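# What the coordinates show
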Amino acid sequence: MIHLQQIATPDYDIVAGLCYALARNFKSNIGKGKSFVKPVSFQGGVAANVGMRRAFLDVLELPDGELIVPRHFTSMGAIGAILVVQEDKGSKKEWIGLGHLNQYLGDHKEEQTSLKRLSLSPAHLVLPHPDPPPSMGRGIILRS
């Protein structure tokens, strides 16, 4: 990424490259030795990323319509976890309902406070070394 930025590669090309790298990594590691049964369901928060959707379509060689993003893609994992726990006969906890959650949501008041804006004071800036090593180049150095 740093090299691509240094040669003025557009940001959207760099981000697209990251999406494709993640999709290829998923296919080679998670999907290693497995076949993907079509249609493929893409779930979780990252399914909101259009770039990741495109990358998965291409990397998994799926035609249009074969990558499904369910309506509630962000919460499908939580729903599945609840179903697994409910089906577990060895579970010692009983379902207590949503009463406590609903009460909390109704009573809870979130206080919003703004944080102080970040700034870099002149005291943190150091002029570049007059003869930097060849590998460093010239620039502003930040003190910790």
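Notes on the structure follow.

Before going further, it helps to spend a moment on the overall build of the chain. Counting its secondary structure elements, the chain contains 5 helices and 4 strands. In the chain, the succession of helices and strands from N to C terminus is α-α-β-α-β-α-α-β-β. Counting all 144 residues of the chain, 12% fall into the buried class. Residue pairs at least 24 apart in sequence account for 52% of intrachain contacts in the chain once pairs closer than 6 positions are excluded.

Let us look at the layout of surface pockets. Of the voids in this model, the largest pocket is the one considered here, and its volume is about 180 Å³. Considering only residue class, the lining of the largest pocket consists of 3 nonpolar, 2 polar and 4 charged.

The residue after Lys38, namely Pro39, is reached through a cis peptide bond having omega -5°. Here Pro39 is to be found in the loop between helix H2 (11-30) and strand E1 (40-41). Even without being glycine, Glu61 reaches a positive phi, approximately 55°. By relative accessible area, Glu61 is classed as exposed at 63%.

Looking now at the pattern of salt bridges. Evaluated as defined, the whole model comprises 1 salt bridge. Note that Arg54 and Asp58 form a salt bridge whose closest N and O atoms lie 3.0 Å from each other. Of the two residues, Arg54 and Asp58 are both situated in helix H3 (residues 50-59); the distance of 4 residues between them amounts to about one turn of the helix.

Calculation notes
Residues numbered from 1 in each chain as written. Predicted model: local features only at pLDDT ≥ 70, side-chain atom pairs only at ≥ 80, totals over all residues. Heavy atoms only, no water. Helix = DSSP H or I, 4+ residues; strand = E, 2+ residues; numbered from the N terminus. Buried < 20%, exposed > 50% of the residue type's maximum accessible area, 1.4 Å probe, protein only. Contact = heavy atoms within 4.5 Å. 1 Å grid on protein atoms, 1.4 Å probe; cavity = no way out; pocket = protein on both sides within 12 Å on 5 of 7 lines; lining within 4 Å. Points joined across faces, edges and corners; volume = space filled by probe spheres on them. Nonpolar A, V, L, I, M, F, W, Y, C, P; charged D, E, K, R; others polar. Salt bridge = Lys/Arg side-chain N within 4 Å of Asp/Glu carboxyl O.

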